[in-house]
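The primary structure of each chain is shown beneath.
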Amino acid sequence: DQILARNPFEVPDSRVVHFLSHSYENYVKQARGETPVPREEFDQKNRKAAIREIKRYKALDAISKKENIKASSEEVDGELQKYAALTGQPFDKIKADFKRDGRILDVRENLRDRKTLEFLVGMPQIPAVQSQV
């Protein structure tokens, strides 16, 4: 929140619309059997949160690029091994499924974001990243 407050920037409306569209699709899939709220109501209710999430992503992305923070293959495999242990499935199957579905990129991105946040927590003051965002 501090980074976003110190580095204000606008999010293009088209980006917000795309984010809300994707979010609504996920919401409808999860509403199995229940009547989902109308799209317009969903968009109105979630617009501010969507803008904040997009800004958060852009800020973390800029910082991770500036500081060269990445998730290694070993770290990704470690996350997949944890998931395999939780679900009782073989690691090789989990890894193949995640690669096939493109979810391995999500794991890598989530790890990078977590490492970036850990980096920021250890800093004495919040950096200015506006030129990167």
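Presented here is an overview of the structure given in this document. Since this is a predicted model, take the numbers as computed values, not measurements.

Describing unusual backbone geometry
Consideration 1: A positive phi is found at Asn 68, a non-glycine position, where the angle reads about 55°.
Consideration 2: With respect to the helices and strands, the residue Asn 68 is situated in the loop between α3 (39-66) and α4 (73-87).
Consideration 3: Owing to a relative accessible area of 54%, Asn 68 belongs among the exposed residues under this scheme.

A word on helix α6 (residues 103-121)
Consideration 1: Between its first and last C-alpha atoms α6 spans 27 Å; for 19 residues at 1.5 Å apiece the expected length is 27 Å, and the two agree.
Consideration 2: Of the residues making up α6, those classed as buried are Ile 104, Val 107, Leu 111, Arg 112, Asp 113, Thr 116 and Leu 120.
Consideration 3: On its buried face, α6 sits against α1 (2-6), α3, α4 and α5 (91-101).

Focus: the packing of helix α2 (residues 13-30) against α3
Consideration 1: Two elements in contact, α2 and α3, have axes whose closest approach is 8 Å; the angle formed by their N-to-C orientations is 115°. The handedness of the crossing between α2 and α3 comes out as right-handed. Along the contact surface, α2 presents Asp 13, Arg 15, Val 16, Val 17, Phe 19, Leu 20, Ser 21, Ser 23, Tyr 24 and Tyr 27, while α3 presents Arg 39, Phe 42, Asp 43, Asn 46, Arg 47, Ala 50, Ile 51, Glu 53, Ile 54, Tyr 57 and Lys 58.
Consideration 2: Taken together, the residues of the contact of α2 with α3 sort by class into 11 nonpolar, three polar and seven charged.

A closer look at the packing of α5 against α6
Angle between the axes and distance between the axes: these two values describe a pair of packed helices.
Consideration 1: Running from N to C, α5 and α6 cross one another at 95°; their axes reach a closest spacing of 5 Å. By the criterion of interaxial angle, the relationship of α5 to α6 is roughly perpendicular. Residues Lys 95, Asp 97, Phe 98, Lys 99 and Asp 101 of α5 pack against Arg 103, Ile 104 and Val 107 of α6.
Consideration 2: Grouping the amino acids of the contact of α5 with α6 by side-chain chemistry returns three nonpolar, no polar and five charged.

What to know about the nonpolar core
Consideration 1: By size, the foremost hydrophobic cluster in this structure holds 14 residues, and its most contacted members are Ile 3, Val 11, Val 16, Leu 20 and Leu 120.
Consideration 2: Per element, the largest residue contribution to this core is six residues, and it comes from α3.
Consideration 3: Ignoring sequence-local partners within four residues, the contact set of Leu 20 consists of Arg 39, Phe 42, Asp 43, Asn 46, Arg 47 and Ala 50.

Some words on the environment of Ile 54
Consideration 1: Looking at the element boundaries, Ile 54 is found in helix α3.
Consideration 2: Once the C-alpha coordinates of Ile 54 and Ser 73 are considered, the two residues, 19 residues apart in sequence, prove to be 26 Å apart.
Consideration 3: Once residues within four sequence positions are removed from consideration, Ile 54 is found in contact with Val 11, Arg 15, Val 16 and Phe 19.

Reading the values: the criteria
Residues numbered from 1 in each chain as written. Predicted model: local features only at pLDDT ≥ 70, side-chain atom pairs only at ≥ 80, totals over all residues. Heavy atoms only, no water. Helix = DSSP H or I, 4+ residues; strand = E, 2+ residues; numbered from the N terminus. Buried < 20%, exposed > 50% of the residue type's maximum accessible area, 1.4 Å probe, protein only. Expected span 1.5 Å × (residues − 1). Contact = heavy atoms within 4.5 Å. Axes fitted to C-alpha atoms, helices over the stretch in contact; angles between N-to-C directions. Left-handed = near helix turned anticlockwise from the far one by under 90°. Nonpolar A, V, L, I, M, F, W, Y, C, P; charged D, E, K, R; others polar. Parallel < 35°, antiparallel > 145°, perpendicular 65-115°, else oblique. Core = buried A, V, L, I, M, F, W, Y, C linked by side-chain atoms within 4.5 Å.

By themselves these figures say nothing about function.
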